[in-house]
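# Results of the structural survey
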Amino acid sequence: MSMAMKKEIPGNASLPTSLLHEYSLHRAVVAAFDQYDGAIKSDVRVPRLSDIVHDTDDEFWEQNLHKFPPSYRTRNTMVRMERILPLPKVVRKALIAHFYPQDTAPLDSATLSNILNAAPNKHCLVRTYLGRKNGGFTRQTFSLRNFPLYLEPMQHLGLDVMGLAASMGKAFAIMHWGAGVNGDDVEFVLGTSAVKGQGDEAFGFQHRAVGFYLLDFGQCDLVDLSDDVDVVYQAFKGAMVTGDNQLFIPHFEKSREMFAAFREGYIGAGQTILEEKKLEKKFNVEDFMREYEEYAEDFL
Ligand SMILES: Nc1ncnc2c1ncn2[C@@H]1O[C@H](COP(=O)(O)OP(=O)(O)O)[C@@H](O)[C@H]1O
Ligand SMILES: [Mg+2]
């Protein structure tokens, strides 16, 4: 498994959004997916956590600090997790050909290969912004890193947006009811992972499968499901309308059909979990979704 490292920004450790806090929420989300996704089948993956290194882990830092790039050479909390691998080159090429602005001049092959080979562009994950119809690009800021893919282009490319919407609904329900995590400012991306090959590893091929990933729990908060129903609903719906979440969640009114897929995914998954937790009499996910729609209507 290839590893990604997330290191505390200096000064952040004493804040409520510390990496230690994020690690504990990430762990709760992974545990909830492990426990419930077998039945729910969200088709969403959460990067597996490997471990956390503390600033006080002298042995680790003595052996490893010199390996970090100079600007990262401080002893801070660090989390190691599964690395989501980038989308394959053919997809990266297609993204450039489709989306690099060509109104002033056509895309020549030198420019294409410059963009394709620029180091930051190799780490290409695609954010699935089902909540916004479209967005523009400029030549100056064009980047494949965390590439924003909006609804209309996704439909033109023939992506299964209904499936993605249902998956996101299920993932939110697992975060909320399974992990008690509000889901504030999380990210949904398309990336790849290595899969066990069909026998031609000897030729150096790596088999990759495209997957839908949920990441970044840095702005999330824990919600105590033993609190009053109103308090819990408020915490969850509040997080759904803040940050970038509205870019991801289908618009309840402008994209009714897609929102229905999100809603159904959410409700089915939520009910499954609440029944398992014997909380189905206390909470009603259909009521919650109705409340969310009303809230979103006022808020947006
Ligand atoms: N496990 C991972 N595998 C691959 N890329 C990742 C992983 N975690 C984060 N990233 C990339 O790094 C970026 C920043 O990480 P993130 O956790 O979102 O940090 P921040 O809290 O600073 O937003 C993400 O938007 C994503 O592109
Ligand atoms: Mg982020």
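The structure under discussion appears in the preceding block.
Everything quoted here is computed from the prediction, not taken from an experiment.

## Things to note about the overall build of the protein
Across its full length, the protein carries 11 helices and 8 strands. Against the globule reference of 19 Å for 300 residues, the protein gives a C-alpha radius of gyration of 21 Å, in line with a compact fold. When its C-alpha atoms are laid out on the principal axes, the protein stretches across 60 × 55 × 45 Å. Per-residue burial for the protein yields a buried fraction of 47% across its 300 residues. Working note: accessible area of the protein is about 15300 Å², and carbon and sulfur atoms make up 50% of it.

## Digging into the sheet that holds strand β5 (residues 126–129)
Spatially, the 5 strands line up as an open sheet ordered β2-β8-β7-β5-β6, and their pairing is mixed. Whereas interior strands pair on both sides, the edge strands pair on one side only; in this sheet they are β2 (44–45) and β6 (147–150). As paired elements, β2 and strand β8 (residues 208–215) share 2 bridges and run parallel to each other. When the sheet's bridge partners are listed, R45 is paired in β8 with Y213.

## Structural notes on the pairing of strand β4 (residues 78–82)
The two faces of a sheet get side chains in turn, since along a regular strand they alternate between them. Most of β4 sits inside the fold, with 4 of its 5 residues counted as buried. With 5 bridges connecting them, strand β1 (residues 3–7) and β4 associate as antiparallel partners. The residue of β4 that forms the bridge with K6 is V79. Where strand β3 (residues 49–53) and β4 come together, 4 bridges link them in antiparallel fashion. In the sheet register, D51 faces β4, and the bridge partner there is R80.

## As for empty space enclosed by the protein
All told, the structure shown has 1 cavity of 30 Å³ or more when counted by the stated rule. Around the largest cavity, the lining residues are K6, L19, E22, Y23, H26, L49, V79 and M81. Elements supplying a minimum of two residues to the lining of the largest cavity: α1 (19–40) and β4. Among the residues making up the lining of the largest cavity, the classes are represented as 5 nonpolar, 1 polar and 2 charged.

## A look at the coordination of the magnesium ion (ligand 2)
Tetrahedral coordination by four donors sets the ideal angle at the metal to 109.5 degrees; octahedral coordination by six donors sets it to 90 or 180 degrees. Every protein donor of the magnesium ion (ligand 2) is listed here as E187 (OE) and D216 (OD), and their distances to the metal cover 2.0 to 2.1 Å. Placement of E187 in strand β7 (residues 187–194) and of D216 in the loop between β8 and α8 (229–240) is noted, with a sequence separation of 29 residues between them. A relative accessible area of 23% places D216 in the partly exposed class.

## Section: the layout of surface pockets
Summary: where empty space remains is shown by rolling a probe the size of a single water molecule over the atoms. By volume, the largest pocket is sized at about 890 Å³. If you trace the largest pocket, you find 34 residues lining it, with M5, K6, M81, L215 and D216 closest to the centre. Residue assignment for the lining of the largest pocket shows that the elements contributing at least two residues are β1, α1 and β4. With 4 residues, β1 is the single largest residue contributor to the lining of the largest pocket. When the residues that make up the lining of the largest pocket are grouped by side-chain class, the tally is 12 nonpolar, 11 polar and 11 charged.

Rules of the game
- Residues numbered from 1 in each chain as written.
- Chains lettered and ligands numbered in written order.
- Predicted model: local features only at pLDDT ≥ 70, side-chain atom pairs only at ≥ 80, totals over all residues.
- Heavy atoms only, no water.
- Helix = DSSP H or I, 4+ residues; strand = E, 2+ residues; numbered from the N terminus.
- Rg over C-alpha atoms; globule rule 2.2 N^0.38 Å.
- Buried < 20%, exposed > 50% of the residue type's maximum accessible area, 1.4 Å probe, protein only.
- Areas by Shrake-Rupley, 256 points an atom, 1.4 Å probe, with all protein chains shown as cover.
- Pairing = 2+ DSSP bridges.
- 1 Å grid on protein atoms, 1.4 Å probe; cavity = no way out; pocket = protein on both sides within 12 Å on 5 of 7 lines; lining within 4 Å.
- Points joined across faces, edges and corners; volume = space filled by probe spheres on them.
- Nonpolar A, V, L, I, M, F, W, Y, C, P; charged D, E, K, R; others polar.
- Donors = N, O, S within 2.8 Å, 3.2 Å for Na, K, Ca; no water.

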